[in-house]
Amino acid sequence: MTDLSNSTIFPKGTKVATNFIGDAYLEMLVQGDELFDVPVGNVTFAPGARNNWHVHEKYQILLVTGGTGYYQEEGKPAQVLREGDVVQIPAGVKHWHGATASEWFVHLAMTKGATTWLEEVSDQQYHSI
């Protein structure tokens, strides 16, 4: 197992208190404003950590920078993600992402528009992958 507890090339950030299960950390690299309207966050997931199901108003792009994780759209099987993978998530697609049970996982998230947070990914859903 690769130790990514200090993230990868960007700072790990602070622990996320809501909409995540387990230990996840966020460092905003671009806040998003009138000129640069696509916030960019570095998200670091400890083994077993994941975010809740959610949808984006416009889109999200994930750039995996380290570790091994999952991405799953509602009604589809989970995809394993590794360093160098890119995921393009269209508007309105219900999904979640996070670490595998045994590996750290780090990605950059570029999100256009608002995020609507939904229910947790249950332990049963997560462990059935």
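Residue positions within a chain follow its written sequence, with the count starting from 1. At least 70 in pLDDT is required for a residue's local features to be given in this predicted model, at least 80 for side-chain atom pairs to be given and counted, and no such filter applies to totals for whole chains, interfaces and linings, which use all residues. Here the side-chain values reflect all heavy atoms present in the structure, with hydrogen atoms and water set aside.

Participant: What is the right way to read the layout of surface pockets from this model?
Facilitator: Rolled over the atoms, a probe with the dimensions of a water molecule shows which regions are left empty. As a volume, the largest pocket reaches approximately 350 Å³. Method remark: on a 1 Å grid restricted to protein atoms, a set of points is classed as a cavity if a 1.4 Å probe fits but cannot get out and as a pocket if it is open with protein on both sides within 12 Å along at least five of seven lines; lining residues have an atom within 4 Å of a point. Taken together, 22 residues line the largest pocket, and the ones lying closest to its centre are Leu26, Gln60, Ala109, Thr111 and Trp117. Helix and strand definitions here come from DSSP, where helices need a minimum of 4 consecutive H or I residues and strands a minimum of 2 consecutive E residues; each element is numbered from the N-terminal end. Secondary-structure elements contributing two or more residues to the lining of the largest pocket are β3 (24-30), β4 (40-45), β6 (54-56), β11 (105-112) and β12 (115-117). Of the residues in the lining of the largest pocket, the class split is 10 nonpolar, 12 polar and no charged. Grid points are joined across faces, edges and corners, and a volume is the space filled by probe spheres set on the points. Each residue is assigned to one class: nonpolar for Ala, Val, Leu, Ile, Met, Phe, Trp, Tyr, Cys and Pro, charged for Asp, Glu, Lys and Arg, and polar for all the others, Gly among them.

Participant: Which parts of the structure should I look at to understand unusual backbone geometry?
Facilitator: What you tend to see is this: most non-glycine residues have negative phi, and most peptide bonds are trans. Of note in the backbone geometry, Asn19 takes a positive phi value of approximately 70° without being a glycine. Summarising the element assignment, Asn19 is placed in the loop between β1 (14-15) and β2 (20-21).

Participant: What should I look at first to understand a nonpolar patch on the surface in this one?
Facilitator: Grouping into patches uses exposed residues only, defined as over 30% relative accessible area, and leaves out salt-bridged ones; the cut-off is 9 Å for like charges and 5 Å for nonpolar side chains (Val, Leu, Ile, Met, Phe, Trp, Tyr). Here the open area of atoms and residues is found with the Shrake-Rupley method and a 1.4 Å probe, where only the protein chains shown may cover a residue. We define a salt bridge as a side-chain nitrogen of Lys or Arg found within 4 Å of a carboxyl oxygen belonging to Asp or Glu. Together, Leu29, Val30, Leu35 and Phe36 line one region of the surface with nonpolar side chains, adding up to about 390 Å² of accessible area. In this structure, Leu29 sits in strand β3.

Participant: What should I look at first to understand the pairing of β11 in this one?
Facilitator: Successive residues of a regular strand alternate their side chains across the two faces of the sheet. Here's how the labels work: a residue is buried when its accessible area is under 20% of the maximum for its type, exposed when over 50%, partly exposed in between, all with a 1.4 Å probe on protein chains only. β11 sits mainly inside the fold: eight of its eight residues count as buried. One ladder, built from eight bridges, connects strand β7 (residues 59-73) with β11; its direction is antiparallel. From the neighbouring strand, Val64 faces β11, where its bridge partner is His107. The pairing criterion for strands is at least two bridges between them, as found by DSSP.

Participant: Help me out: how do you make sense of the packing of aromatic side chains in this one?
Facilitator: Each aromatic ring pair is specified by the distance between its two centres and by the angle formed by the two planes. Side-chain rings of Phe, Tyr and Trp (the six-membered ring for Trp) are treated as a pair once their centres are within 6.5 Å; stacked means planes under 30 degrees apart, edge-to-face means over 60, and tilted covers the remaining angles. Using the criterion set out here, one finds six aromatic pairs in the structure. Taking the centre distance of 5.9 Å and the plane angle of 50° together, the rings of Phe20 and Trp117 count as tilted. With Phe20 in strand β2 and Trp117 in strand β12, this residue pair connects regions lying 97 residues apart in the sequence. The class of Trp117 is partly exposed, set by a relative accessible area of 33%. Geometrically, the ring pair formed by Trp96 and Tyr126 is tilted, given 6.0 Å between the ring centres and 55° between the ring planes. Linking Trp96 in strand β10 (residues 95-99) with Tyr126 in helix α1 (residues 123-127), this pair joins segments that are 30 residues apart in sequence. The same class applies to Trp96 and to Tyr126, which are both buried. Cluster of aromatic residues (ring-pair linked, three or more members): Phe20, Phe45, Phe105 and Trp117. Comment: the charge-over-ring label is applied if NZ (Lys) or CZ (Arg) is within 6 Å of the ring centre and within 35 degrees of the ring normal. The ring of Tyr126 has Arg50 lying over it, and the distance from NZ or CZ to the ring centre is 4.3 Å. Over the face of the ring belonging to Trp53 we find Lys94, whose NZ or CZ atom lies 5.6 Å from the ring centre.

Participant: Help me understand the nonpolar core in this model?
Facilitator: Across soluble globular proteins, nonpolar side chains have a tendency to be buried as a group. Among the nonpolar cores identified, the biggest contains 15 residues, and Phe20, Phe45, Leu62, Tyr71, Leu81, Val87 and Phe105 are the most heavily contacted of them. Where this core is concerned, the elements lending two or more residues are β4, β7, β9 (86-90) and β11. Throughout, a contact is declared for two residues whenever any of their heavy atoms are within 4.5 Å. What Phe45 contacts, discounting residues up to four positions off in sequence, is Phe20, Asp23, Ala24, Arg50, Asn51, His97, Gly98, Ala99, Trp104, Phe105 and His107. Residues grouped as a nonpolar core are buried Ala, Val, Leu, Ile, Met, Phe, Trp, Tyr and Cys residues, joined through side-chain atoms within 4.5 Å.

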